[in-house]
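Descriptive structure summary
Letter by letter, the chains look like this.
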Amino acid sequence: MGQPPSPGPAEQSLPGRQGLCAGRRRPVRLARDNPKLMTEPTVAAEAGGLFSSLPLAESLRRAVADQGYATMTPIQAKAIPVVLSGRDVMGAAQTGTGKTAAFSLPLLQKLLKHENTSASPARHPVRALVLAPTRELADQVAVNVKAYAKYTQLRVACVYGGVDMNPQTQELRRGVEVLIATPGRLLDHIQAKNCNLGQVEYVVLDEADRMLDIGFLPDLQRILSYLPKQRQTLLFSATFSPEIKKLAQSYLQDPVLVEVARPNATAATIEQRFFAVEDDDKRRAVRHLLRERGLSQAIVFVNSKLGAARLARSLEREGLKTAALHGDKSQDERLKALEAFKRNEVQLLVATDVAARGLDIADLPAVFNFDIPFNAEDYVHRIGRTGRAGASGLAMSFVSRSDQRLVAEIEKLIKKQIEVEPLELEEDERPRRPRRRDDEEERPARAAASHGPRSQPAVPRDPLFDQPYEEKPGAAPSWEKQPKPEPSLRPLSPYIKPKRKVAALLGGSRFVELPLVVGRHPQADGGGAVHLHHQCLEHA
């Protein structure tokens, strides 16, 4: 592989870089903890270095050339040699600067020693593990890694939640060398004994701060407990927080800090605008800016899943081709929405922060922050969807009266003064003031007072209806029980028992009580029977 490159300013800032044992963990010093690094330029490796100058195999160089890449970005020029030297790395760079290639190319180069054509799963254990916080980011990383490894015999698989586990299980049991996964689904496969992480040599934590934000720290700790102690760990993110620093101290061994810009910085190619817009005007402000700027596509970020669904329906009713992307959507629906947006079939993609990490959409012109994010670091990732790979981009944020504190936190994070501008909307775009209940109640009274009583057509009245109730003389009160009149029946024989009801299905009547013979007439054999039959006919 050759000798590792000489350390840059950021690498030299780490104490004890030389002469430390590999198993000893040292505290990580970030740029914001070192005043010297805050004043010196952090871009030690300029873009423009050729991939052909790297000690990469011909199969990897060919795959990179097929992707149309010839020169390296600063993070790639600085991180790839360090990863090839076998050191743990903490990489800090803005989104859209090529962090995926910065860790995937050197890992594939080091895995080529395990390349084989055997069909046995035992010859293809998991040797490199890449953890990503969201399904979309995991899928995107897998697409890039497969593109770089297409001329090799290395197997690449991607597992994430929201889809059936059976196809993933079959792929894992066939054997893979590079596994890209989200923490939750990976734990499901580990518990199902579908994969063994006992031979993992390289671990990558991509967008680690986001994994901590959404509560994946316990899952990360469980996953890392399954890995061998001797491994190379890489941590890449656009933002550094105290939690990330603590995570690095726990799981990285003497890491090298590789940064090409100040942590939490935004790309210089992105134009950032903040407009003072009330909540009722935001939807029409989106339409106004789309028409004024001539934007063909944009991502609109909101803070809630319900808000994303409602805003997407509203914009769709107003004639804009819109799709929604949030956590309540199934994985198939999310992938279809992304593919439609990338094919320019959809003009607006209304999304929550699930789409703010790692999504690479070529030539995206603009991003709207319909809602100011609750977490200031999410702002950096949101606007990083535009202005990628050195292209220019536009980020527009709508600030209401209740967002002043959130804007102050963003200003503190990016270390830039934010100027909130007024936005002039046209008259036809101003929303109508919603009716209040008081207005609806007072409007009929005001109309009656101003116009006077209206003449109503004469309606014939029923004189009986207007008369008061008059009680009939001698009538008993209705609540008193009236005696039931006795039925007029002729006297019965002493041998007949009265008041015995017979069901209608047995030949009786529903309202007539039939007599029942209980003895024989003493003077004749058949007289009693003939007499009973005669009585039944009469009473029935």
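Residues numbered from 1 in each chain as written. Predicted model: local features only at pLDDT ≥ 70, side-chain atom pairs only at ≥ 80, totals over all residues. Heavy atoms only, no water.

1. As for the overall build of the chain
Looking only at helices and strands, the chain has 19 helices and 16 strands in total. Sorting the 540 residues of the chain into buried and exposed places 47% on the buried side. Within the chain, counting contacts between residues at least 6 apart in sequence, those at least 24 apart form 76% of the total. Here the chain has roughly 29,500 Å² of accessible surface; of this, 51% comes from carbon and sulfur atoms. (Helix = DSSP H or I, 4+ residues; strand = E, 2+ residues; numbered from the N terminus. Buried < 20%, exposed > 50% of the residue type's maximum accessible area, 1.4 Å probe, protein only. Contact = heavy atoms within 4.5 Å. Areas by Shrake-Rupley, 256 points an atom, 1.4 Å probe, with all protein chains shown as cover.)

2. With respect to helix H8 (residues 183-191)
Among the residues of H8, those classed as buried are Pro183, Arg185, Leu186, Leu187, His189 and Ile190. Phi turns positive one or two residues past the end of H8, at Lys193, with a value near 60°.

3. Some details on the nonpolar core
One finds Leu108, Val178, Ile180 and Leu234 to be the most contacted residues of the largest nonpolar core, which totals 45 residues. In this structure, Ile180 is in contact with Val130, Ala138, Val141, Ala142, Val145, Val156, Ala157, Cys158 and Val159, ignoring residues within four places of it in sequence. If you look at the next biggest cluster of nonpolar residues, it comprises 34 residues, including Val126, Leu131, Leu172 and Leu235. (Core = buried A, V, L, I, M, F, W, Y, C linked by side-chain atoms within 4.5 Å.)

4. Considerations on the packing of aromatic side chains
In the structure shown here, the tally under the stated rule is four aromatic pairs. The interplanar angle of 70° and the centroid separation of 6.3 Å between the aromatic rings of Phe370 and Phe398 together place this pair among those described as edge-to-face. Taken together, the positions of Phe370 in the loop between strand S12 (366-369) and helix H15 (376-383) and Phe398 in strand S13 (residues 393-399) put the pair 28 residues apart, joining distant regions of the chain. Residues Phe370 and Phe398 agree in their burial class; the two are buried. Here a set of aromatic residues connected by ring pairs shows up, and it is made of Phe368, Phe370 and Phe398. The lysine or arginine in question, Arg62, covers the ring of Tyr151, its NZ or CZ lying 3.9 Å from the ring centre. Of note, Lys282 hangs over the ring of Phe370, and the distance from its end group to the ring centre comes to 5.7 Å. (Phe/Tyr/Trp six-rings, centres within 6.5 Å; stacked < 30°, edge-to-face > 60°. Lys NZ or Arg CZ within 6 Å of the ring centre and 35° of its normal.)

5. A word on the packing of helix H4 (residues 74-84) against helix H5 (residues 99-111)
Direction vectors running N to C along H4 and H5 enclose 30°, while the axes themselves pass 9 Å from each other. The angle between H4 and H5 falls in the class roughly parallel. When the axes of H4 and H5 are compared, the crossing they make is right-handed. In this structure, H4 contributes Ile75, Gln76, Ala79, Ile80, Val83 and Leu84 to the contact, and H5 contributes Lys99, Ala101, Ala102, Leu105, Pro106, Leu107, Gln109 and Lys110. Residue composition of the contact of H4 with H5, by class: ten nonpolar, two polar and two charged. (Axes fitted to C-alpha atoms, helices over the stretch in contact; angles between N-to-C directions. Parallel < 35°, antiparallel > 145°, perpendicular 65-115°, else oblique. Left-handed = near helix turned anticlockwise from the far one by under 90°. Nonpolar A, V, L, I, M, F, W, Y, C, P; charged D, E, K, R; others polar.)

6. Some points on the pattern of salt bridges
Applying the stated criterion across every chain yields a total of 18 salt bridges. Here Asp279 makes a salt bridge to Lys282, at a shortest N to O gap of 3.3 Å. With relative accessibility at 2%, the residue Lys282 sits in the buried group. With a closest N to O distance of 3.7 Å, Lys282 and Asp371 form a salt bridge. Taken together, the residues span a long stretch of sequence, with Lys282 in helix H12 (residues 282-293) and Asp371 in the loop between S12 and H15 at a distance of 89 residues. No difference in accessibility class separates Lys282 from Asp371, as the two residues are buried. Residues joined in a network through salt bridges with shared partners are Glu271, Arg273, Arg293 and Glu421. (Salt bridge = Lys/Arg side-chain N within 4 Å of Asp/Glu carboxyl O.)

7. Points about the pairing of strand S2 (residues 128-131)
Of the two faces of S2, the one lined by Ala128 and Val130 and the one lined by Leu129 and Leu131 are each fully buried. Here S2 runs beside strand S4 (residues 178-181); their pairing, made up of four bridges, is parallel. By the bridge assignment, Leu131 is partnered in S4 with Ala181. One ladder, built from four bridges, connects S2 with strand S5 (residues 202-206); its direction is parallel. What sits directly across from Leu129, in S5, is Val203. (Pairing = 2+ DSSP bridges.)

8. Remarks on the environment of Phe216
Examined against the element boundaries, Phe216 turns out to sit in the loop between helix H9 (208-213) and helix H10 (217-225). As for Phe216 and Gly184, which are separated by 32 residues in sequence, their C-alpha atoms are 8.1 Å apart. When neighbours within four sequence positions are excluded, Phe216 is seen to be in contact with Pro133, Pro183, Gly184 and Met211.

9. What about the sheet that holds strand S9 (residues 298-301)?
One open sheet accounts for seven strands, arranged S10-S11-S9-S12-S13-S8-S14; its pairing is parallel. Only two strands of the sheet have a single neighbouring strand rather than two, namely strand S10 (322-325) and strand S14 (420-422). Taking each pair of neighbouring strands and ignoring which way they run, the sheet shows an average axis angle of 25°. Here three bridges tie strand S8 (residues 270-276) to S14, and the two strands are oriented parallel to one another. In the sheet register, Ala276 faces S14, and the bridge partner there is Pro422.

10. What to know about the packing of H5 against helix H6 (residues 135-148)
Packed helices, taken two at a time, are described by the angle between their axes plus the distance between the axes. At a closest axis distance of 10 Å, the pairing of H5 and H6 adopts a crossing angle of 45°. Taken together, the axes of H5 and H6 are oblique relative to one another. Crossing angle aside, the handedness with which H5 passes H6 is right-handed. On H6, the residues that touch Thr100, Ala101, Phe103, Ser104, Leu105 and Leu108 of H5 are Val141, Asn144, Val145 and Tyr148. Grouping the constituent residues of the contact of H5 with H6 by class yields seven nonpolar, three polar and no charged.

11. Some words on the confidence of the model for the chain
Here the chain averages 76 in pLDDT, while 69% of its residues score no lower than 70. When the criterion is pLDDT under 50, residues 511-519 qualifies, and its contacts beyond four places in sequence or with other chains add up to 23 contacts. (pLDDT = per-residue confidence, 0-100.)

12. A word on unusual backbone geometry
Phi angles above zero are rare outside glycine, and Asp254 is one such case at about 45°. Relative to the elements of secondary structure, Asp254 occurs in the loop between helix H11 (242-251) and strand S7 (256-259). Despite not being glycine, Asn344 shows a phi value in the positive range, around 60°. The topology assignment puts Asn344 in the loop between helix H14 (331-342) and strand S11 (348-351). According to the relative accessible area criterion, Asn344 is exposed, its value standing at 57%.

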